[in-house]
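Descriptive structure summary
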Amino acid sequence: MATSDERVLCGASAYEQKYYFNKRFGNIPEDIQEQLHIICVLFTEDIGGIILFEYDEDGTLNIRTEARDSDYNYDEIGAALEVKEIQRQRRDMLNGLEMYYKVFVLGQSPDDYI
């Protein structure tokens, strides 16, 4: 899947054992950045592969996971279940990140979301 690096919020890779946060979104509160960091690292430690939080062109925040073809330890079903759990547990934070993107990046009015 191709994606624009400008729309990737953050991600982590079990293969490189690295976490990435897009500096373009550096004005997101530090505690939210830390929560994203923890979520990404724990995901890659538990499930493996790669996790990405990325915005689509409309400002919807998507969580995408993938693995190398040679990674036989990656659990695709477990990854999907874990993403659903993240979405359930962190719904308010994820909704806030979508509103942030729509207002500060896309320039939409915050009144549209109140």
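See the structure above.
Our subject in this report is the structure included herewith. (Residues numbered from 1 in each chain as written. Predicted model: local features only at pLDDT ≥ 70, side-chain atom pairs only at ≥ 80, totals over all residues. Heavy atoms only, no water.)

1. A word on the pattern of salt bridges
All chains considered together, the criterion is met by five salt bridges. With a shortest N-O distance of 3.2 Å, Arg-68 and Glu-16 are connected by a salt bridge. Here the residue Arg-68 occupies a position in the loop between strand E4 (61-66) and helix H2 (76-89), and Glu-16 occupies one in the loop between strand E1 (8-13) and strand E2 (18-21), the gap between them amounting to 52 residues. According to the relative accessible area criterion, Arg-68 is partly exposed, its value standing at 43%. The exposure class of Glu-16 is partly exposed, given its relative accessible area of 45%. Through salt bridges with shared partners, a single network forms among Glu-54, Arg-64 and Glu-66. (Salt bridge = Lys/Arg side-chain N within 4 Å of Asp/Glu carboxyl O. Helix = DSSP H or I, 4+ residues; strand = E, 2+ residues; numbered from the N terminus. Buried < 20%, exposed > 50% of the residue type's maximum accessible area, 1.4 Å probe, protein only.)

2. A few points about the packing of aromatic side chains
Within the structure shown, the criterion is met by five aromatic pairs. Between the aromatic rings of Phe-25 and Tyr-101, the centroid separation amounts to 6.1 Å while the plane-to-plane angle is 50°, which identifies the pairing as tilted. Residue Phe-25 is found in the loop between E2 and helix H1 (30-46), and its partner Tyr-101 is found in helix H3 (residues 91-105); the two are separated by 76 residues along the sequence. The exposure class assigned to Phe-25 is buried, which follows from its relative accessible area of 0%. Residue classification places Tyr-101 among the buried residues on the basis of a relative accessible area of 3%. Seen in terms of ring centroids, Tyr-100 and Phe-104 are 5.4 Å apart; in terms of plane orientation they differ by 35°. Their pairing is tilted. Residue Tyr-100 and its partner Phe-104 are both found in helix H3; the two are separated by four residues, about one turn of the helix. Residue classification places Tyr-100 among the buried positions, given a relative accessible area of 13%. (Phe/Tyr/Trp six-rings, centres within 6.5 Å; stacked < 30°, edge-to-face > 60°.)

3. Comments concerning the side chain of Asn-22
For Asn-22, the position within the fold is in the loop between E2 and H1. Sequence-distant contacts of Asn-22, defined by excluding residues within four places in its chain, comprise Asp-5, Glu-6, Val-8 and Leu-9. (Contact = heavy atoms within 4.5 Å.)

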